[in-house]
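# Per-entry structural report
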Amino acid sequence: MHSQKEKRLSGRHSLFKLAGRMAPFKWGFALCMVLTVAANGAELLKPYVMAVIIDDFLRGGAQQHGWYSVAGMGITYFLLIAAGAVCTLLHTRLINRFGQKILNRLRIEVFSAIEKMSLPAFDRYTSGRLITRATNDIETLDEFYTDIIVNLFRDIVLLVGIVAVMLAMNWRLALVGFAAVPVIALITFSMRRALRRNFKRMKKLIGRINGFFSENIDGMKTVQTFGREKEKYAEFAALDKEYYSTTLLQIRFNSLLRPLMEVVNALAVAALIVYGWRGITGGVLELGVVYAFTTYIKKFFEPINDLAEKYNTIQSAAVSADRVFEILDDTASQEQGGSFLGPVLGTVEFRDVWFAYEGENWVLRGVSFRVEKGEKAAFVGPTGAGKTTIISLISGLYHAQKGQVLVDGVPVEEWELGALRRGVCTVLQEVFLFSGTIAENISLSDPMTEEEIGRAVHLAAADAFVAKQPDGLQTRVAERGSTFSAGERQLISFARAIAHDPAVLVLDEATANIDSNTEQVIQQSIASISNGRTALFIAHRLSTVRDCDRIYVLSGGTIAEQGTHRELLARGGIYSEWCRNLPNVNGIN
């Protein structure tokens, strides 16, 4: 019970936050409110003008003169329609303009928040959930600004105006018309909880569907290779059926609400006509007044129906706002850096570092080492030994639970993340390429000249690959670089790292997808570019690690051995056994 109350309060709080984002446009929204009041005023005066025409001129036979005539009232009626139309047009354009500006800023903020998320946060959020919040949920909020805010004000003002006019004209007749209001309130609020629950379920399912699409499009090659199309089709069909059911329920709610309102509206008009007819025949009421009242009561139920339907929109907006602000307000999920600006010189040190991705399932257990500026160090060991984790800790992507990770003697937590990552560059085995050109994938929007990019391509031994492309460095890259081989993508990634001139160069299995001939050239390039900078290698190839100043052998999350290639071979331990088992190193000592 308490949690349900908290959820309701959370939804209201999020709606207040949305309303707060109108502050930069407060004068524009105020103008929209004025235009809305003017449009409502014109709407309220039209039935009164018709009542004057019917009672004064058509039935009363009053003498016409000047503006007080059928022609004058007709012109007045037309002017009211024109004024209302102009005010509505202006307010609609303004409100949509302001609403789109707010949504534009909100999309940028959500993307910025996602960019600043820490890797542990990405482990919790699925890509589908993030995509849904950045697209579907923000699109839902469009109605909040362009439909709910001002139109809600318009409906309330119209309701208050109609009530005031009706009570002023004939309070007894007004009470007859208002008798249906409690029935409408009962219908609306009886659906409230069911609607909100269904909205939340729909949003979650949209996130799962987006995630399913994203995952399966990325992995379609695997799906087709293993012939699992039917199974994946069945999975999606089940998920889509669940979403279909929730959507159908929403349609049922919406389709039921409007007819119910129309029935209540018709009953109120019928009661008004019966009561008004008796008043007319009894000489108590005038025909024009009854006509005006039937018009007012219809107008009275229009905003009530709108408010009832807007309640659905408000519920949807509240759910979407909760989900959007969960991302924006989750500061604990954002990467937390310090203020130290460096620059990075190249000394890396671990002091009794313990790390676990979950609970106390330790991946690293008391790891300590120090790599001096300009040294080459390699980390070898079986899969799951913690090699890649060490790289993630150096870059500040994760933080150790115990011990310290230091760069140039400064704990990584105290480094400003931008400064740290400008000085530490990692080449991964799985390369991600963006849509754009080869040059853009190397520079990553940094201001680089073509000569600087060309030099990086040369050092990465990618000259031949780039030269055979139709447009050289300006060749377009397909999504994720799908038209390039794994080795070619790796060459671009290597050039990307070199172009940014890091003080610490990290290669995480970076030569795994490159053929032996290319690797020989790259090893020469590595020797030249690692002069004066720290180079860290995670590799399974002996040619990558044997010339390193120090090799660290990881086993079970600890450093089991360390030394040079020759020292470790002479020791006859884990490293020596590893070398003997490599098929391409027989005879090397």
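Small disclaimer: the values here were computed from a predicted structure and weren't measured. (Residues numbered from 1 in each chain as written. Predicted model: local features only at pLDDT ≥ 70, side-chain atom pairs only at ≥ 80, totals over all residues. Heavy atoms only, no water.)

### Side note on the overall build of the protein chain
Quick reminder of the rule: Per the convention used, a helix needs a DSSP run of H or I reaching at least four residues, while a strand needs a run of E reaching at least two, with both numbered from the N terminus. Summary of the burial criterion: residues with accessible area below 20% of their type's maximum are buried, those above 50% are exposed, and those between are partly exposed, where the area comes from a 1.4 Å probe applied to protein chains only. Any pair of residues with heavy atoms lying within 4.5 Å of one another is described as a contacting pair. The protein chains shown are the only cover counted for residues, whose accessible areas, like all others here, come from Shrake-Rupley with a 1.4 Å probe.
On a plain count of helices and strands, the protein chain comes out with 22 helices and 12 strands. Looking at the protein chain residue by residue over its 589 residues, the buried ones come to 47%. Pairs at least 24 residues apart make up 77% of the contacts formed inside the protein chain by residues separated by at least 6 positions. Counting every atom, the protein chain has about 30,000 Å² of accessible surface; 58% of that belongs to carbon and sulfur.

### Quick notes on the pattern of salt bridges
The criterion, for reference: Any carboxyl oxygen of Asp or Glu within 4 Å of a side-chain nitrogen of Lys or Arg constitutes a salt bridge here.
This structure, assessed with the given rule, holds 11 salt bridges. By sharing partners, the salt bridges in this structure join Glu 349, Arg 351, Arg 370 and Glu 372 into a single network.

### Regarding unusual backbone geometry
In the Ramachandran plot, Asp 352 falls in the positive-phi region, its phi being about 50° despite a non-glycine side chain. Position of Asp 352 among the secondary structure elements: in strand E1 (residues 348-356). For Asp 408, which is not glycine, the phi dihedral falls at a positive 60°. By the element assignment, Asp 408 lies in the loop between strand E4 (402-407) and strand E5 (410-411). Among the residues examined, Asp 408 registers a relative accessible area of 22% and is labelled partly exposed.

### Details of the sheet that holds strand E3 (residues 376-380)
The criterion, for reference: Two strands qualify as a pair provided that DSSP identifies no fewer than 2 bridges between them. Axis angles are defined between N-to-C directions and span 0 to 180 degrees, where every axis is a line fitted to C-alpha atoms and, for a helix, only to the segment in contact.
In space, the 6 strands of this open sheet follow the order E6-E9-E10-E3-E11-E12, with mixed pairing throughout. Every interior strand has two partners, whereas the edge strands, strand E6 (424-427) and strand E12 (558-563), have only one. Within the sheet, the average angular offset between the axes of one strand and its neighbour, ignoring direction, is 20°. Examined bridge by bridge, E3 and strand E10 (residues 534-538) share 4 bridges and lie parallel to one another. Directly across from Lys 376, in E10, lies its bridge partner Ala 535. Contacts between helix H13 (residues 387-394) and the sheet are confined to E3, E6, strand E9 (504-508), E10 and strand E11 (550-555), with E10 contributing the most and set at about 145° to the helix.

### What to know about the confidence of the model for the protein chain
Selection criterion: A score between 0 and 100, pLDDT records how confident the predictor is in each residue.
Per-residue pLDDT for the protein chain averages 78, and the proportion of residues at 70 or more is 85%. Low pLDDT (under 50) marks residues 1-11, which in the prediction has 8 contacts with non-local residues, meaning those over four places away or in another chain. This stretch, residues 585-589, has a pLDDT under 50; its non-local contacts, to residues over four places away or in other chains, come to 10 contacts.

### Re the side chain of Gln 469
The topology assignment puts Gln 469 in the loop between helix H17 (463-467) and strand E8 (476-477). Assessed through its relative accessible area of 13%, Gln 469 is described here as buried. If sequence neighbours within four positions are ignored, Gln 469 has contacts with Ile 438, Thr 475 and Phe 484.

### Let's talk about the nonpolar core
Defined as follows: Grouping buried Ala, Val, Leu, Ile, Met, Phe, Trp, Tyr and Cys residues that are joined through side-chain atoms within 4.5 Å yields what is termed a nonpolar core.
One finds Ile 438, Ile 442, Val 457, Leu 473, Val 545, Ile 551 and Tyr 575 to be the most contacted residues of the largest nonpolar core, which totals 43 residues. Considering every element that reaches this core, the biggest residue donor is helix H18 (residues 486-499), with 7 residues. Beyond its immediate chain neighbours, meaning those up to four positions away, Leu 473 contacts Thr 437, Ile 438, Ala 439, Ile 442, Glu 450, Ile 453, Val 457 and Val 466. Membership of the second largest hydrophobic core comes to 34 residues, among which are Ala 39, Cys 87, Ile 138 and Tyr 145.

### Comments concerning the pairing of E9
In terms of residue burial, E9 counts as a mostly covered element, since 5 of its 5 residues are buried. Taking every second residue as pointing to the same face, both faces of E9 are buried, with Val 504, Val 506 and Asp 508 on one and Leu 505 and Leu 507 on the other. Pairing analysis gives 4 bridges linking E6 to E9, with the strands arranged parallel. The partner of Val 424 across the bridge, within E9, is Val 504.

### Topic: the sheet that holds strand E2 (residues 362-371)
Across the sheet, 4 strands lie side by side as E2-E1-E4-E5; this open sheet has antiparallel pairing. With one partner strand each, in any of the chains shown, E2 and E5 form the two edges of the open sheet. Across 2 bridges, E4 lies against E5 in antiparallel orientation. Among the inter-strand pairings, Leu 406 is bridged to a residue of E5, identified as Pro 411. Packed on one face of the sheet, H13 meets E1, E2 and E4 and runs near 115° to E1.

### Considerations on the packing of helix H16 (residues 450-459) against H18
For the record, the criterion: Geometric relationships in this document are graded by angle, where less than 35 degrees denotes roughly parallel, more than 145 denotes roughly antiparallel, 65 to 115 denotes roughly perpendicular, and other angles denote oblique. If you view the pair so one helix is near and one far, a crossing is left-handed when the near helix is turned anticlockwise from the far one by less than a right angle, and right-handed when it is turned clockwise. Here the term charged refers only to Asp, Glu, Lys and Arg, the term nonpolar to Ala, Val, Leu, Ile, Met, Phe, Trp, Tyr, Cys and Pro, and the term polar to all other amino acids, Gly among them.
With their axes 8 Å apart at the nearest point, H16 and H18 run at an angle of 125° to one another. Our classification of the angle between H16 and H18 gives oblique. The two elements H16 and H18 cross, and the hand of that crossing is right-handed. Listed contacts from H18 to Ala 456, Val 457 and Leu 459 of H16 are Ala 495, Ile 498 and Ala 499. Residues that form the contact of H16 with H18 fall into these classes: 6 nonpolar, no polar and no charged.

### So, the pairing of E11
Of the pairings in the sheet, the one linking E3 to E11 comprises 4 bridges and is parallel in character. Opposite Ala 377, over in E11, you have Arg 550 as the bridge partner. For E11 and E12, the ladder comprises 5 bridges, and the chain directions are antiparallel. Within the sheet, the bridge partner assigned to Val 553 lies in E12 and is Glu 561. Between the end of E11 and the start of E12, which pair antiparallel, lie 2 residues, with Gly 556 showing a positive phi angle near 65°.

### Considering the packing of aromatic side chains
Note the cut-off: Geometry of aromatic contacts follows a simple scheme: Phe, Tyr and Trp rings, the Trp one being its six-membered ring, pair when their centres are within 6.5 Å, and the pair is stacked under 30 degrees between planes, edge-to-face over 60, tilted otherwise.
As enumerated under the stated definition, the model contains 15 aromatic pairs in all. Taken together, a centroid distance of 4.7 Å and an interplanar angle of 85° make the contact between Phe 340 and Trp 415 edge-to-face. Residue Phe 340 is found in the loop between helix H12 (287-329) and E1, and its partner Trp 415 is found in the loop between E5 and helix H14 (417-423); the two are separated by 75 residues along the sequence. Measuring from centroid to centroid gives 5.3 Å for Phe 379 and Tyr 552, while their planes differ by 20°, and the two rings are stacked. Of this pair, Phe 379 sits in strand E3 while Tyr 552 sits in strand E11, and the two are 173 residues apart along the sequence. In this structure, Phe 379 and Tyr 552 share a single accessibility class: buried.

### Concerning a nonpolar patch on the surface
What counts, and what does not: Like charges within 9 Å and nonpolar side chains (Val, Leu, Ile, Met, Phe, Trp, Tyr) within 5 Å are joined into patches, using only residues over 30% in relative accessible area that form no salt bridge.
A contiguous nonpolar surface patch, about 440 Å² in accessible area, is contributed by Trp 67, Ile 75, Phe 78 and Leu 79. Assignment of secondary structure puts Trp 67 in the loop between helix H2 (26-59) and helix H3 (70-115).

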